[in-house]
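# Summary of structural features
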Amino acid sequence: DKIFVETLDLKQKLEEKNFSNIEILYNFKHIEKYDINKIRESNSFCVFSRIIKEKGIGDAIYAINKLNEEGISSKLYIYGPVGKEYEEEFNGLIFSNQNVQYCGNVKPEESGQYISKYWMLLFPTRFIKEGLPGTLIDSYNASTPVIASKWLSADEFVPDNVGYKYKFCDKDSLYNVMKYCINNY
């Protein structure tokens, strides 16, 4: 009876192919509210994701290291399961890196309470066709701003009043947005 899609872009593309029974059904979660008045650690960034190359983990580590090289004290906390095919590279990126801490896995229903501790959430995806990621739902519920790569549906899910976007797959652009946020907020 219906075709359910997660993004406006996909709905429009199907309508162009003369489908008329399309409804948007966004990703959703049943989550508790978090204390949004917590004091957050300045210049602390987090990533909640599968730990694979395509999620842009290396880009986030590059940007945090570059900030620290310039004397801008910043930390990156990474949560999520590490993909087998990325494990060796990831371990090399974080080994002896005092700017980055891998924090392991968190139950999905608890992620918002962890995200609420940090200054900003990074979503450096390299997947151009992401839908509505659950980590953004958690971040918004925790009143934690987002810095996200400009994937195909980024404007739909990261409006300018709740986050920042940077050029897709451009780690220097991510660094520049992080630096801008640190210097202006």
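Residues numbered from 1 in each chain as written. Predicted model: local features only at pLDDT ≥ 70, side-chain atom pairs only at ≥ 80, totals over all residues. Heavy atoms only, no water.

### So, the environment of V146
The residue V146 is located in strand β7 (residues 146-149) in this model. Classification of V146 as buried rests on a relative accessible area of 0%. A sequence separation of 128 residues divides V146 from N18, and the C-alpha atoms of the two residues are 36 Å apart. If sequence neighbours within four positions are ignored, V146 has contacts with L121, F123, L136, S139, Y140, V158, V162, G163 and Y164. (Helix = DSSP H or I, 4+ residues; strand = E, 2+ residues; numbered from the N terminus. Buried < 20%, exposed > 50% of the residue type's maximum accessible area, 1.4 Å probe, protein only. Contact = heavy atoms within 4.5 Å.)

### Here's the deal with the side chain of S116
Relative to the assigned elements, S116 resides in the loop between α4 (111-115) and β6 (118-123). Within polar-contact distance, the side chain of S116 engages the backbone oxygen of Q113 at 2.9 Å. (Polar contact = N/O pair within 3.5 Å; in protein donor to acceptor, adjacent residues only side chain to side chain.)

### As for the sheet that holds strand β4 (residues 75-79)
The strand order across the open sheet built from 6 strands is β5-β4-β3-β6-β7-β8, with neighbouring strands paired in parallel fashion. The open sheet is flanked by β5 (100-102) and β8 (163-166), the only strands paired with a single partner. Ignoring strand direction, the axes of neighbouring strands in this sheet form an average angle of 25 degrees. Sheet topology places strand β3 (residues 41-48) next to β4; 5 bridges connect them, and they run parallel. Bridging from a neighbouring strand, F48 pairs with Y79 of β4. Along the sheet, helix α2 (residues 57-69) contacts β3, β4, β5 and β6; its crossing angle with β4, the most-contacted strand, is approximately 160 degrees. Relative to β8, helix α7 (residues 171-184) is tilted by about 150 degrees, and along the sheet it contacts β3, β6, β7 and β8. (Pairing = 2+ DSSP bridges. Axes fitted to C-alpha atoms, helices over the stretch in contact; angles between N-to-C directions.)

### Concerning the packing of aromatic side chains
How two aromatic rings sit relative to each other is given by the distance of their centres and the angle of their planes. For the structure on display, the rule yields 11 aromatic pairs. For the pair F45 and W119, a centre-to-centre distance of 5.7 Å together with 80 degrees between the ring planes defines the contact as edge-to-face. Taken together, the residues F45 in strand β3 and W119 in strand β6 connect sequence positions 74 residues apart. Looking at W119, the relative accessible area reads 17%, which means it is buried. (Phe/Tyr/Trp six-rings, centres within 6.5 Å; stacked < 30°, edge-to-face > 60°.)

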